[in-house]
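Residue-level listing of the chains:
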Amino acid sequence: NDFADLSQEEKENILNDIYGRNAEETEEFNRQDITQQQLDDFQIALDRIPLADQVAYQMALIHCPDLLQSETSPRLFLIREAFDPTKAAKRLVKYWDMRVDLFGEERAFLPISLLEGGALEGDDELLAMMREFPNFRNFLPNDAHGRTVMIHSAQHSKASFCRYSRNTKLKYIWYSMQMAMKRECTILR
């Protein structure tokens, strides 16, 4: 583990800059596996959120229960929130609210994919933007600490880029982030 080989000062600099956590907290964080108790606590926290505040999430439970696990596993949200079940549950609910706002009810409950049957299938404006700006988003090799590195290129005509709707740009960013989250190193680091 490269991280373990760093000096304490190097660890703290990296972690404080990137995560806002000190080295000890992050080492503990990375060592932990999700336990059944943490999942149970997450479910309890989710159940405490008023149903009126989790309409999109409840719709996802009905329309795409498999997608809930494959794209929005509680594990992702627990890791992101340093295993705080209340914060993780709130983040999951907010995720689904934003997903429905961005993709609409007819597409929010489909996989975030450009392929047939995906939420982005047939989105001509998004596909045109991706063709025009193929290097707008790129994944680079992981950095020396194993973290996912994604760059967004600013080398495009502002006038040309601005003709695409805000919604299309947000979908592109959402798609990019969803692709990054499929990489285990992104979640842990």
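Since the structure is predicted, the reported quantities are computational estimates derived from the model, not experimental observations. (Residues numbered from 1 in each chain as written. Predicted model: local features only at pLDDT ≥ 70, side-chain atom pairs only at ≥ 80, totals over all residues. Heavy atoms only, no water.)

Undergrad: What is the right way to look at the nonpolar core in this model?
TA: In a soluble, globular protein the nonpolar side chains are often hidden away together inside. Of all hydrophobic cores here, the largest spans 41 residues; its most connected members are Leu46, Trp96, Phe103 and Phe109. Only helix H3 (36–48), helix H4 (55–63), helix H5 (65–71), helix H6 (74–80), helix H7 (85–103), helix H8 (124–132) and helix H10 (166–181) provide two or more residues apiece to this core. With nine residues, H7 is the largest single contributor of residues to this core. In this view, Phe109 contacts Ala56, Met59, Ala60, His63, Cys64, Leu67, Trp96 and Val100; residues no more than four positions away in its chain are not counted. (Core = buried A, V, L, I, M, F, W, Y, C linked by side-chain atoms within 4.5 Å. Buried < 20%, exposed > 50% of the residue type's maximum accessible area, 1.4 Å probe, protein only. Helix = DSSP H or I, 4+ residues; strand = E, 2+ residues; numbered from the N terminus. Contact = heavy atoms within 4.5 Å.)

Undergrad: Got a minute to help me understand the pattern of salt bridges in this structure?
TA: Any two side chains of opposite charge can pair, on the condition that their charged atoms come close. In this structure the tally under the stated criterion is four salt bridges. For Asp123, the salt bridge goes to Lys171, with nearest N and O atoms at 2.9 Å. Linking Asp123 in the loop between H7 and H8 with Lys171 in helix H10, this pair joins segments that are 48 residues apart in sequence. Pair check on accessibility: Asp123 and Lys171 agree, each one buried. (Salt bridge = Lys/Arg side-chain N within 4 Å of Asp/Glu carboxyl O.)

Undergrad: For this particular structure, what's the right way to read the packing of aromatic side chains?
TA: Both the distance between ring centres and the angle between the ring planes are used here to describe each pair of aromatic rings. Inspection of the entire model under this criterion finds five aromatic pairs. Judged by centre distance (5.9 Å) and plane angle (75°), the ring pair of Phe77 and Tyr95 falls under edge-to-face. With Phe77 in helix H6 and Tyr95 in helix H7, this pair connects stretches of sequence that are 18 residues apart. Both residues of the pair, Phe77 and Tyr95, count as buried. Seen in terms of ring centroids, Trp96 and Phe109 are 5.9 Å apart; in terms of plane orientation they differ by 15°. Their pairing is stacked. (Phe/Tyr/Trp six-rings, centres within 6.5 Å; stacked < 30°, edge-to-face > 60°.)

Undergrad: Just to check I follow, could you spell out H10 for this structure?
TA: Residues spaced three or four apart along an α-helix point in a common direction, a consequence of the helix completing one turn every 3.6 residues. Across its 16 residues, H10 extends 22 Å between first and last C-alpha, which sits within 8% of the 22 Å expected from 1.5 Å per residue. For H10, the set of buried residues is Thr168, Lys171, Tyr172, Trp174, Tyr175, Ser176, Gln178, Met179 and Ala180. (Expected span 1.5 Å × (residues − 1).)

Undergrad: What should I look at first to understand the environment of Val93 in this one?
TA: With respect to the secondary-structure elements, Val93 resides in helix H7. A sequence separation of 36 residues divides Val93 from Tyr57, and the C-alpha atoms of the two residues are 5.7 Å apart. The residues contacting Val93, other than those within four sequence positions of it, are Leu46, Ile49, Asp53, Gln54 and Tyr57.

Undergrad: I would appreciate a short explanation of the environment of Asp84 in the present structure.
TA: For Asp84, the location among the structural elements is in the loop between H6 and H7. Owing to a relative accessible area of 28%, Asp84 belongs among the partly exposed residues under this scheme. Along the chain, Asp84 and Phe42 lie 42 residues apart, while their C-alpha atoms are 8.1 Å from each other. Within the structure, the side chain of Asp84 is placed 3.0 Å from the backbone nitrogen of Lys87, a separation counted as a polar contact. (Polar contact = N/O pair within 3.5 Å; in protein donor to acceptor, adjacent residues only side chain to side chain.)

Undergrad: Sorry, what's going on with unusual backbone geometry here?
TA: Leaving glycine aside, a negative phi is the common case for residues, and trans is the common case for peptide bonds. The phi dihedral of Ala82 falls on the positive side, at around 50°, and the residue is not glycine. If you trace the backbone, Ala82 turns up in the loop between H6 and H7. Residue Phe83 is not a glycine yet carries a positive backbone phi of 70°. Mapped onto the secondary structure, Phe83 falls in the loop between H6 and H7.

Note that all results are geometric; they support no functional claim without further evidence.
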